[in-house]
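# Summary of the model geometry
Spelled out, the chains give:
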Amino acid sequence: MSDINTSLTINRKETVKNQGLWRWLDANIERVLLMFILLAIILLMTYQTLGRYVFVRLLGMNINLAWTEESARFLFVWMTYLAVPISIRYRNMIRVTALVDRLSKRWQATLWAASDFLFFILGAGIFYFGIRHIHMLMTFPQTTAVLGIQYAVVYLILPIGFGLILLRLGQDLLRLVREDGSRPLVEGLMVAAILMAPSLIGLELPAVTWLFGYFIVFVIIGVPIAIALGLSAFVTMYAAATLPINYIATQTFTSIDNVTIMAIPFFIAAGTFMGEGGLSARLLTLADDLLGRSYGGFGMATVLTCMLFAAMSGSGPATVAAIGSLTIPAMIERGYDKHFAAALVAAAGSIGVMIPPSNPFVVYGVASNTSVGDLFMAGIVPGIIVGVVLMGYTYYLAKKNDWHGDTFDNPGERIRKSLWDAKWALMVPIIILGGIYSGLMTPTESAAVAAFYGLIVGLFLYKGINRKNIGDCLVNSTGTSAIVILLMAMASIFGNILTLEEIPATIAKAILGISENPIIILLCINILLLIVGMFMEALAAIVILTPILLPIVIQLGVNPVHFGVIMVVNLAIGFITPPVGVNLFVSSGIANLRLERIAKAVMPMLGLMIIILLLITYVPNIVMWLPNLLNN
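Fair warning: this is a prediction, and the values are worked out from it, not measured in the lab.

What follows covers the overall build of the chain. Counting its regular elements, the chain contains 27 helices and zero strands. Against the 2.2 N^0.38 benchmark of 26 Å for 632 residues, the chain shows a C-alpha radius of gyration of 26 Å, consistent with a compact globule. Residue burial in the chain is summarised as follows: out of 632 residues, 54% are buried. Contacts spanning at least 24 positions in sequence make up 79% of the contacts within the chain whose residues lie at least 6 apart. Accessible surface computed for the chain: about 26600 Å², of which carbon and sulfur atoms make up 65%.

Set out below in structure tokens:
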């Protein structure tokens, strides 16, 4: 009997141990893989950059570095599709929820379930056709150009990544049942089935109707924009036979197997390392010492800090989060109106996508086949103009309301000390822009080196990054970038169908038929982009609208680089325009204020930014003189 009891005890312990291991794997498998993969690709691209000059040119060694880029590219694709399940888990996909938010809680839960089921259909399609593609690659083996790895191994990410996506979607549906009961689940399944029914009963409709009809419906009901793009394209392939349906799997991989796109997670990681590492606080101290003695000094220092941080992060919301958490409470403490303080940070945060590095410029560059380096240069002057104008408005309002600056002794000595303390942070823009425009590095290489530099500075010099938060820094960077890159992958499939059906050319012809006056056409495009920016996240708008609008402006004689700046500034204004206004949401969360009050306070700044937008639209030399100067 004692042997039986001992055996039962051992079995129970093994069961508990196995359950604990499963729970740990369930919670952390993607996190662990993503941490190592992101570190690996940062190190690979940094090694490639430094190795080219240290080993090859300086030491004259004959070594082949091509393997580093190919390895990094494939790991980047794996990282992307391993990070999407985490985005599902934390429910932070990019959606348009203006309509859904107005519905009752029950209908919100129903549409959320429908969205999961629709995502499941797309994920299952890519999973299935991914397995078929791997089978084909095993039957007819192909190897990669440099590493000589079989492509069947590389493409395993499709069934592995999308298998995890299907698992996380199932868990999300179970979570929904626990929170709201089974009714939304059943109703959501019915909604998804009704929506998909027309494509299954053999209706003969034009491809354009399938593509845009499904996309619009999916977006309205709150399906993530990336999934709305991919699933509407998938349905169109099936119902209208525009492309072979197995194209969905191969394009999901090849569309992001691109070294330029790889810059996005590097810039996001660099910004994250800067914020956590303590670099943003030192930039704020420097800006305050430079400007803090005048009327509205700390407000102007906030704008300057946003401009400096923009030269590291490439993201508007990231700039607001990093700088706003430091400056909004401090401005309120110094007597500034709290709504103005929150609105100023939200508006200044939009500079984060104008001054390079800029993730929207990278996305536009890939979508339009335009030089990312030229776009970076073109964004500098508009970003500086917006910053200077916001500082001027802050000074005017501060003087009107008697918001005095601080007084302190030995300002010169303070500035010298804060400048010295911030020296490591100020090196980041030099690394990024200096590396690109000296010809030493590509934008992707400069981004990787900046991320590596930010990690080293945060760990060993400023010591804001430690073993407790480094994991979150790495995983958050991969999760944020994966949302963007999945969007680009699905938009690539959507865009290919647009091109096959000659939709951009048709739209261009229709718009140019309204008027031949470039001033009127550009005004209409600006109005369209401002409206789109009110409802859609900037990166989503860029990948959807660039293939449609770019042919129009090229026919008007507008340089694609100039139009890229027009588009990004338009959509940057969207960061502070409700109902989406993501900068406003971040700022209101930090300040714990109602969004409507902050939106009211931001209106004068919004008006000033629109004036700047019109200026850069109709005076292209403001945008183009710096790229032209460098190219000549």
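With 24 residues, helix α2 (residues 66-89) ought to run about 34 Å at 1.5 Å a step, and its terminal C-alpha atoms sit 36 Å apart, in line with that. With 18 of 24 residues buried, α2 is to be regarded as a mostly interior element. Remark: Arg 91 follows α2 within two positions and exhibits a positive phi of approximately 55°.

Within the secondary structure layout, Ser 588 lies in helix α25 (residues 582-591). The exposure class assigned to Ser 588 is buried, which follows from its relative accessible area of 10%. Filtering out sequence-adjacent residues up to four positions away, Ser 588 remains in contact with Leu 593, Leu 595 and Ile 598.

The next thing to look at is the domain arrangement of the chain. When cut into domains, the chain gives domain 1 (76-257) and domain 2 (260-465 + 502-631). Of note, the centres of domain 1 and domain 2, computed from C-alpha atoms alone, are 32 Å apart. With 13 residues of domain 1 in contact, the opposing surface of domain 2 contributes ten residues. With both sides pooled, the region where domain 1 packs onto domain 2 buries about 930 Å², and carbon together with sulfur makes up 93% of that total. Across the domain 1-domain 2 interface, the total number found is zero salt bridges. Here domain 1 and domain 2 share zero residue pairs in polar contact (both at pLDDT 80 or more) between them. Breaking the side of domain 1 that touches domain 2 down by element, the ones donating at least two residues are α2, α7 (207-220) and α8 (225-240). With four residues, the single largest contributor to the side of domain 1 that touches domain 2 is α7. Grouping the amino acids of the side of domain 1 that touches domain 2 by side-chain chemistry returns twelve nonpolar, one polar and no charged.

Turning next to unusual backbone geometry. With an omega of 0°, the peptide bond between Pro 356 and Pro 357 qualifies as cis. Its identity as a non-glycine residue notwithstanding, Asn 369 has a phi of 55°, on the positive side. Along the chain, Asn 369 turns up in the loop between α15 (359-368) and α16 (372-401).

A complete count under the given rule lists 13 salt bridges for this structure. Ionic pairing is found between Asp 257 and Arg 73, a salt bridge with its closest N-O pair at 2.6 Å. Of this pair, Asp 257 sits in the loop between α9 (247-254) and α10 (263-277) while Arg 73 sits in helix α2, and the two are 184 residues apart along the sequence. One exposure class covers both Asp 257 and Arg 73, and it is buried. Glu 187 is paired through a salt bridge with Arg 183; the nearest N and O atoms lie 3.1 Å apart. Of this pair, Glu 187 and Arg 183 both sit in helix α6 (residues 183-200), separated by four residues, roughly a single helical turn. What makes Glu 187 buried here is its relative accessible area of 14%. Residue classification places Arg 183 among the exposed positions, given a relative accessible area of 52%. Salt bridges sharing common partners tie together Arg 91, Asp 172, Arg 175 and Glu 179.

Scoring rules and cut-offs
- Residues numbered from 1 in each chain as written.
- Predicted model: local features only at pLDDT ≥ 70, side-chain atom pairs only at ≥ 80, totals over all residues.
- Heavy atoms only, no water.
- Helix = DSSP H or I, 4+ residues; strand = E, 2+ residues; numbered from the N terminus.
- Rg over C-alpha atoms; globule rule 2.2 N^0.38 Å.
- Buried < 20%, exposed > 50% of the residue type's maximum accessible area, 1.4 Å probe, protein only.
- Contact = heavy atoms within 4.5 Å.
- Areas by Shrake-Rupley, 256 points an atom, 1.4 Å probe, with all protein chains shown as cover.
- Expected span 1.5 Å × (residues − 1).
- Domains from an automatic or database assignment.
- Buried area = accessible area lost by both parts, 1.4 Å probe.
- Salt bridge = Lys/Arg side-chain N within 4 Å of Asp/Glu carboxyl O.
- Polar contact = N/O pair within 3.5 Å; in protein donor to acceptor, adjacent residues only side chain to side chain.
- Nonpolar A, V, L, I, M, F, W, Y, C, P; charged D, E, K, R; others polar.

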